[in-house]
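An overview of the molecular structure
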Amino acid sequence: MRIFDPHVHMTSRTTDDYERMHGAGVRAVVEPAFWLGQPRTNVGSFLDYFDALLGWEPYRAAQHGIRHLCALALNPKEANDPRCVGVLGELPRYLLKESVVAVGEIGYDSMTPAEDRAFEAQLAMAAEHDLPVLVHTPHRDKAAGTRRTLDVVKGLPPGRVLVDHLNEVTVGMVADSGCWMGFSIYPDTKMDPGRMVAILQEYGTERMLVNSAADWGRSDPLRTRAVGEAMLAAGFTEDDVDRVLWRNPSAFYGVDPAAPVPGDDYAGNTIRRGG
Ligand SMILES: [Zn+2]
């Protein structure tokens, strides 16, 4: 079973996790930018973090046979802190880098006017750089948050939008929108492998993405593998599993995660497009 985890926060994981992930079949990951637990107090804190996602983290992953790509953004939570918003002026030069495959996580946390402004600005940046977007949906008031999210992303082609952290309540409206559907599988909250299989049985495997999210909270970077096993046990074929866990994320991000990137160096700082 080959696995491309489209949303996992490796910064918060140990080297043992990389080893276990490789053992479970994980060969590629996308790490979206998010908060650090401790609130940031200045723009420089983002830049050091972005540089780590482009340099140190891919190096650490490569030592365990895993390709590390990332999505960069001002996350919705910190979009509410005026000390952080200046990072929006720094983002465009980062979006040119080879291993940046999307803008994310963007979207809503508490649905404030400041979050609206950051969301809109970053959707425009994604369009300008021809990148897909990874959109976080709020954990509180999920249905209303997801509905509003779908309204805001209408300016982009739905095939370029991943709406993440879905559940049984929100999957239907995203399926109808034509956007990609993301599911974060956790050990004991929000969404588990059994419920995920039931959703795949009802909605099919097209535009479906499964991730482990694996962050600072109680989480498990092997939940993707657990979904693959649960799919097989429920009668899905190996090809179905490969579609959901490998070909779908490759198609959404527009990358071949198994191919070496020409000119990719240790720092991951090669420029992909234009200046
Ligand atoms: Zn996340």
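Further up the page is the structure itself.
Notes on the structure in this doc start here. These figures come from a predicted structure and were not determined experimentally.

Time to look at helix 10 (residues 238-253). Taking 1.5 Å as the rise per residue, helix 10 with 16 residues should run 22 Å; its terminal C-alpha atoms sit 22 Å apart, in good agreement. For helix 10, the principal kink sits at Arg247 and spans about 40 degrees; a proline, Pro249, occurs within the next four residues. Inspection of helix 10 places Val241, Asp242, Val244, Leu245, Trp246, Asn248, Pro249, Ser250, Phe252 and Tyr253 among the buried residues, and these make up the whole buried set.

Below, the discussion takes up the pairing of strand 3 (residues 67-72). By the criterion of burial, strand 3 is predominantly enclosed, with five of the six residues buried. Two strands pair when backbone bridges link them, and strand 2 (residues 26-32) and strand 3 are joined in this way by five bridges, in the parallel orientation. Note that in strand 3 the partner of Pro32 across the bridge is Ala71. As paired strands, strand 3 and strand 4 (residues 100-107) are joined by three bridges and run parallel to one another.

This model, assessed by the stated rule, comprises 18 salt bridges. Of the charged contacts in the structure, one is a salt bridge between Asp81 and Arg83, with a shortest N-O distance of 2.9 Å. Since its relative accessible area comes to 17%, Asp81 is described here as buried. Among the residues examined, Arg83 registers a relative accessible area of 45% and is labelled partly exposed. Through salt bridges with shared partners, one network takes in Arg13, Asp17, Arg20, Asp220 and Arg223.

The subject of this paragraph is helix 1 (residues 15-24). Restricting attention to buried positions, one finds in helix 1 the residues Asp17, Tyr18, Met21 and Ala24. Each buried residue of helix 1 lies within a common arc of 125 degrees when the element is viewed along its axis, so the set occupies one face. In helix 1, the exposed residues that point more than 90 degrees away from the buried face are Asp16 and Gly23. In the core, the buried residues of helix 1 are packed alongside strand 1 (3-5), strand 2, helix 3 (56-62), strand 3 and helix 9 (223-233).

Procedures and definitions
- Residues numbered from 1 in each chain as written.
- Predicted model: local features only at pLDDT ≥ 70, side-chain atom pairs only at ≥ 80, totals over all residues.
- Heavy atoms only, no water.
- Helix = DSSP H or I, 4+ residues; strand = E, 2+ residues; numbered from the N terminus.
- Expected span 1.5 Å × (residues − 1).
- Bend = angle between axes of the 7 residues up to and from the residue.
- Buried < 20%, exposed > 50% of the residue type's maximum accessible area, 1.4 Å probe, protein only.
- Pairing = 2+ DSSP bridges.
- Salt bridge = Lys/Arg side-chain N within 4 Å of Asp/Glu carboxyl O.
- Arc of directions from axis to C-beta.
- Contact = heavy atoms within 4.5 Å.

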